Amino acid sequence: MGTKQTKGCQPGSAGESPPAHHRKKVPPRERGDFLTSLVVKSGEKFGKGGGSSLPPYHRRICMIQDMLVLVKQGKQEEATELLRHLRQDLGMESTSLDDVLYRYASFRNLVDPITHDLIISLARYIHCPKPEGDSLGAMEKLCRQLTYHLSPHSQWRRQGIMKRKPQSCLKAVLMGKPQDNTVDLSGIPLTLKDLDRVTSYLQHSSEHIDTVELCFTELTDEMLLQLLPALCVLPHLTTLSLNGNRLTKAILRDLTETLKDPKKFPSVTWIDLGNNVDIFSLPQPFLVSLKRRCPKQGNLPTILEFGEGQVSDLESQDG
């Protein structure tokens, strides 16, 4: 077991820098203080108020950018520690890079396997830098991909996160028949008042909707509960995207209970909950309910790996 974890990257060599990267040894206490301040700054970079008023993806994007800067400066140890904070923030609970690189390399995060794969690749570049080829260029590409994946796609620019879609976009979407049978509100910050208009539109256009995009809309548990009655009765809805919001794992109980009723969400095949506050795994009853609705789809990419390294908190509570 130990040899498998260290294959291709012995503990001693993992801690040494390649000749091109000379770095100063930083005392553990100073390094800890430095990283703590860096993580705090990462949360503050996109706005005042310590980042608490901003959705989680802002903080995560800042951490990726700061990590890349540290690697460019040859500060592998600090970059590794910041990557550990990012993994924990994204729900990859293991604090050991060996666990991430080798033991759980086949494990897929139950909510967001794409992020998991990109984090695995980043860990390899930081933990075991390759002297041949443009490894820094490859890492920059990975950071761009991860940043893009964790950002509102329509607003992402190389300079950073641009201004959100204007509120007038909401009025434009909620007029007429849904284009391509999709209600796309992604990137439009919604308020509790807006939800009445959204609910009314969903009810009047229910026969023409198969996809609802609510990504990066500032959605909270309370707001989703307000929308849930209108969403769950859409007869042809197959995909519900809720990623990049402020949802917490508390909402999983309501969604799981709703999915237990076959008359609700009758056609849904997937609900995307990635990149929220602390939704890192999905209860098995949630997954099984989805599986019953889409038997022709084959195995969901989450059920088979469920027992490999992680147990849902809500599964035990549900039991």
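Residues numbered from 1 in each chain as written. Predicted model: local features only at pLDDT ≥ 70, side-chain atom pairs only at ≥ 80, totals over all residues. Heavy atoms only, no water.

1. Considerations on unusual backbone geometry
Its identity as a non-glycine residue notwithstanding, Asp180 has a phi of 55°, on the positive side. Along the chain, Asp180 falls in the loop between helix 9 (168-173) and strand 3 (182-184). Residue class for Asp180 comes out exposed when judged on its relative accessible area of 66%. (Helix = DSSP H or I, 4+ residues; strand = E, 2+ residues; numbered from the N terminus. Buried < 20%, exposed > 50% of the residue type's maximum accessible area, 1.4 Å probe, protein only.)

2. So, the packing of aromatic side chains
Going through the model one piece at a time under the given rule, you end up with 1 aromatic pair. Residues Tyr57 and Phe216 carry aromatic rings whose centres are separated by 4.9 Å and whose planes lie at 90° to one another, so their mutual orientation is edge-to-face. With Tyr57 in helix 4 (residues 56-72) and Phe216 in the loop between strand 4 (211-213) and helix 11 (221-231), this residue pair connects regions lying 159 residues apart in the sequence. Relative accessible area serves as the criterion here: at 0%, Tyr57 is assigned to the buried category. (Phe/Tyr/Trp six-rings, centres within 6.5 Å; stacked < 30°, edge-to-face > 60°.)

3. Observations concerning the sheet that holds strand 5 (residues 239-241)
The parallel open sheet is built from 4 strands, whose spatial order is 3-4-5-6. The sheet is open, and its two borders are formed by strand 3 and strand 6 (270-272), each paired with just one other strand. Each strand axis lies, on average, 5° off the axis of its neighbour in the sheet, ignoring direction. Pairing between strand 3 and strand 4: 3 bridges, direction parallel. Directly across from Val183, in strand 4, lies its bridge partner Val212. (Pairing = 2+ DSSP bridges. Axes fitted to C-alpha atoms, helices over the stretch in contact; angles between N-to-C directions.)

4. Looking at helix 11
Taken as a whole, helix 11 has its buried residues at Asp221, Met223, Leu224, Leu227, Leu228, Ala230 and Leu231. Buried residues of helix 11, viewed axially, fall in a sector of 165°; they line one side. Among the exposed residues of helix 11, those pointing more than 90 degrees away from its buried face are Glu222 and Pro229. Elements in contact with the buried residues of helix 11: helix 10 (192-204), strand 4, strand 5 and helix 12 (250-259). (Arc of directions from axis to C-beta. Contact = heavy atoms within 4.5 Å.)

5. What about helix 8 (residues 135-149)?
Helix length check: helix 8, at 15 residues, gives a terminal C-alpha distance of 21 Å against a target of 21 Å (1.5 Å per residue), a fit within 8%. Of the positions making up helix 8, those classed as buried are Met139, Leu142, Cys143, Leu146 and Thr147. Viewed along the axis of helix 8, the buried residues span an arc of 135°, placing them on a single side of the element. (Expected span 1.5 Å × (residues − 1).)

6. Observations concerning the nonpolar core
Val212, Leu214, Leu231 and Leu273 are the most contacted members of the largest nonpolar core, which totals 40 residues. Sorting the residues of this core by element identifies helix 10, helix 11, helix 12 and helix 13 (284-293) as the ones contributing at least two each. A per-element tally of this core places helix 11 first, with 6 residues. In contact with Leu273, not counting residues within four places along its chain, are Val111, Leu242, Leu247, Leu252, Leu255, Ile279, Leu282 and Phe286. (Core = buried A, V, L, I, M, F, W, Y, C linked by side-chain atoms within 4.5 Å.)

7. Points about the packing of helix 4 against helix 5 (residues 76-89)
Running from N to C, helix 4 and helix 5 point in directions that differ by 165°, and their axes come no closer than 8 Å. Comparing their axes, helix 5 and helix 4 come out roughly antiparallel. Here helix 4 runs over helix 5; the crossing is left-handed. Mapping the contact onto sequence places Arg59, Arg60, Met63, Ile64, Asp66, Met67, Leu70 and Val71 in helix 4 and Gln76, Glu78, Ala79, Leu82, Leu83, His85, Leu86 and Asp89 in helix 5. Split into classes, the residues belonging to the contact of helix 4 with helix 5 amount to 9 nonpolar, 2 polar and 5 charged. (Parallel < 35°, antiparallel > 145°, perpendicular 65-115°, else oblique. Left-handed = near helix turned anticlockwise from the far one by under 90°. Nonpolar A, V, L, I, M, F, W, Y, C, P; charged D, E, K, R; others polar.)

8. Observations concerning the pattern of salt bridges
All told, the structure shown has 6 salt bridges when counted by the stated rule. A salt bridge links Arg60 to Asp89; its shortest N-O distance comes to 2.9 Å. With Arg60 in helix 4 and Asp89 in helix 5, this pair connects stretches of sequence that are 29 residues apart. The buried category is assigned to Arg60, whose relative accessible area is 1%. For the salt bridge of Lys260 with Glu257, the shortest nitrogen-to-oxygen distance reads 3.1 Å. Given a relative accessible area of 42%, Lys260 falls into the partly exposed group. Members of the salt-bridge network, linked through shared partners, are Arg59, Arg60 and Asp89. (Salt bridge = Lys/Arg side-chain N within 4 Å of Asp/Glu carboxyl O.)

9. Re the confidence of the model for the protein
On average, residues of the protein score 75 in pLDDT, and 64% of them reach the 70 mark or higher. Residue range residues 28-36 is modelled with pLDDT below 50. Its contacts to residues more than four positions away, or to other chains, number 8 contacts. Scored below 50 in pLDDT, residues 42-51 makes 22 contacts in the model with residues more than four places away or belonging to other chains. (pLDDT = per-residue confidence, 0-100.)

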